[in-house]
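Secondary and tertiary structure notes
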Number of protein chains: 2
Amino acid sequence: MSRILPHPTREQIELPGVMDCLSDPIRLAIVYNLAKREKEVGELRCGDFYGLSGKSNLAYHFAKLREAGLMETRAVGTARLMKLRREDLESRFPGLLDAVLASAERDAERLQLPVLEFTEA
Amino acid sequence: MSRILPHPTREQIELPGVMDCLSDPIRLAIVYNLAKREKEVGELRCGDFYGLSGKSNLAYHFAKLREAGLMETRAVGTARLMKLRREDLESRFPGLLDAVLASAERDAERLQLPVLEFTEA
DNA sequence: CAAATGGTTCAAGAAATATTGAACATTGCG
DNA sequence: CGCAATGTTCAATATTTCTTGAACCATTTG
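All of these numbers come straight from a predicted model, not from anything done at the bench.

**Remarks on the nonpolar core**
Counting 75 residues, the largest nonpolar core has Phe49 and Leu96 of chain A together with Phe49 and Leu96 of chain B as the members making the most contacts within it. Broken down by element, this core gets its largest block of residues, eight residues, from helix H2 (residues 25-36) of chain A. In this view, Leu96 of chain A contacts Leu15, Val18 and Met19 of chain A together with Leu96, Ala99 and Val100 of chain B; residues no more than four positions away in its chain are not counted.

Right, here's the structure in full:
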């Protein structure tokens, strides 16, 4: 399971791909939770998101997020640790992620954005 | 042709709908051009966008943009004049539209964002 | 080595979106 | 009124995206 997971370089990150990722409720919830726990834990594992959907469906969304350049995934043992590519996103699209996250936070209830519980690493 | 075109109120504008609109190349091009000519002409007509796609396809995208709250459409004679709902968007999602437009401008070539020619009102 | 853990991949089906062309509606004009 | 101009709507199709479950793979653990 340690096949190389393809990540775009910073320069390869495209606006439409990012916007598309953030327009899907499940992916927005993933990014939202990733951002929310960013300072504390930094990275999260796939299993932390099982509240959102089934395993294989999540794998699909993770791949989209990774391929669009929103997050970075690294394999550690049997797990995968994921984190937001904040700096890359900020560099390519200044202010965009923050604006989206702030709006998401404000509308969290309305958007039914779940705040997940995370296992301690 | 003057049936009432439904517009959401400011409060009804939802983040996913807006993001989804901006993730489509045609709709992004529409918004981009709308923003670009905003100061000069303010409003644009459907026909100004015929370079992007066919009439009926554009009508479909216009409806999406309108229903998502990105633009306002008013009927004037046989034409429709459209403009960005800048203030409403800024109020609901501060900084979002500007961040998207700035990134789109920077990547205009790469995204092949066409700058259309507009008929004088 | 065998089994458990944590995820990915694949194929299939469901559902949502986008695109097209033809028909229709409204307004403006001679 | 009759016709042109400007868009919309509808139905059909094409395309894309999402979702699910089963099979699979790699890593750790006993």
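From this point, the narrative continues.
**Concerning the side chain of Asp88 of chain A**
For Asp88 of chain A, the position within the fold is in helix H4 (residues 86-92). Dropping the residues within four chain positions of it, Asp88 of chain A is found in contact with Arg10 and Ile13 of chain A.

**Some details on the sheet that holds strand E3 (residues 79-84) of chain B**
The antiparallel open sheet is built from three strands, whose spatial order is E1-E3-E2 (chain B). Bordering the open sheet on either side are strand E1 (44-45) and strand E2 (71-76) of chain B, each of which pairs with just one other strand.

**Re the sheet that holds strand E2 (residues 71-76) of chain A**
Residue and element names in this part refer to chain A. The strand order across the open sheet built from three strands is E1-E3-E2, with neighbouring strands paired in antiparallel fashion. Sheet topology places strand E1 (44-45) and E2 at the edges, where each strand pairs with a single neighbour. Strand direction decides the pairing type here: E1 and strand E3 (residues 79-84), joined by two bridges, are antiparallel. Looking at E3, one finds that Arg45 is bridged to Leu81. Along the sheet face, H2 touches E1, E2 and E3 and points at about 85 degrees away from the line of E3.

**Things to note about empty space enclosed by the protein**
If you walk through the whole model with that rule in mind, you get two cavities of 30 Å³ or more. Of the voids in this model, the largest cavity is the one considered here, and its volume is about 40 Å³. Val18, Leu22, Leu89, Phe93, Leu96 and Leu97 of chain A are the residues that line the largest cavity. Of all the secondary structure elements, the ones that give two or more residues to the lining of the largest cavity are helix H1 (15-23) and helix H5 (96-106) of chain A. Quantified by volume, the second largest cavity comes out at close to 40 Å³. Considering the residues around the second largest cavity, the lining is formed by Val18, Leu89, Phe93, Leu96 and Leu97 of chain B. Residues belonging to the lining of the second largest cavity are distributed by class as follows: five nonpolar, no polar and no charged.

**Let's talk about the packing of helix H1 (residues 15-23) of chain B against helix H3 (residues 55-68) of chain B**
Residue and element names in this part refer to chain B. One can describe the packing of H1 onto H3 by two numbers: an axis separation of 9 Å at closest approach and a directional angle of 150 degrees. Accordingly, the angle class assigned to the pair H1 and H3 is roughly antiparallel. For the pair H1 and H3, the crossing hand works out as left-handed. On H3, the residues that touch Gly17, Val18, Asp20 and Cys21 of H1 are Lys64, Leu65 and Ala68. Split into classes, the residues belonging to the contact of H1 with H3 amount to four nonpolar, one polar and two charged.

**Overview of the packing of H2 of chain A against helix H3 (residues 55-68) of chain A**
Residue and element names in this part refer to chain A. One way to put it is that H2 packs onto H3 with a least axis distance of 10 Å and a crossing angle of 70 degrees. The orientation of H2 with respect to H3, classified from their angle, is roughly perpendicular. Every residue of H3 that contacts H2 at Ile26, Arg27, Ile30 and Val31 is listed here: Asn57, Leu58, His61, Phe62, Lys64 and Leu65. Of the residues that constitute the contact of H2 with H3, the class distribution is six nonpolar, two polar and two charged.

Thresholds applied
Per-chain numbering applies: the sequence of each chain, read as written, is numbered from 1 onward. All chains are assigned letters beginning with A, and all ligands numbers beginning with 1, in the order in which they are written. In view of the model being predicted, local features appear only for residues whose pLDDT reaches at least 70, and side-chain atom pairs are presented and counted only at 80 or more, with totals across whole chains, interfaces and linings using the full set of residues. Excluded from the side-chain calculation are hydrogens and water; included are all heavy atoms of the structure. Take the buried Ala, Val, Leu, Ile, Met, Phe, Trp, Tyr and Cys residues and link them wherever side-chain atoms come within 4.5 Å; each set so joined is a nonpolar core. Each residue is assigned to one of three classes by its accessible area relative to the maximum for its type, calculated with a 1.4 Å probe on protein chains only: buried under 20%, partly exposed between the two thresholds, exposed over 50%. Under the DSSP-based scheme used, a helix requires at least four consecutive residues in state H or I and a strand at least two consecutive residues in state E, with every element numbered from the N terminus. In this analysis, two residues are considered to be in contact whenever any of their non-hydrogen atoms come within 4.5 Å of each other. Strands pair, by our definition, only if DSSP identifies at least two bridges between them. Structural elements are reduced to axes, namely lines fitted to C-alpha atoms, with helices fitted over the stretch in contact, and the angle between N-to-C directions of any two is expressed from 0 to 180 degrees. A cavity here means a set of points on a 1 Å grid, drawn over the protein atoms and nothing else, where a 1.4 Å probe fits but cannot get out; a pocket is an open set with protein on both sides within 12 Å along at least five of seven lines, and a residue lines either one if it has an atom within 4 Å of a point. Grid points are joined across faces, edges and corners, and a volume is the space filled by probe spheres set on the points. Residues are grouped as follows: nonpolar covers Ala, Val, Leu, Ile, Met, Phe, Trp, Tyr, Cys and Pro; charged covers Asp, Glu, Lys and Arg; every other residue, Gly included, is treated as polar. Under this scheme an angle from 65 to 115 degrees is roughly perpendicular, one under 35 degrees roughly parallel, and one over 145 degrees roughly antiparallel; angles in between are oblique. Here a crossing is called left-handed whenever its near helix is offset anticlockwise from the far helix by less than a right angle, and right-handed whenever the offset is clockwise.

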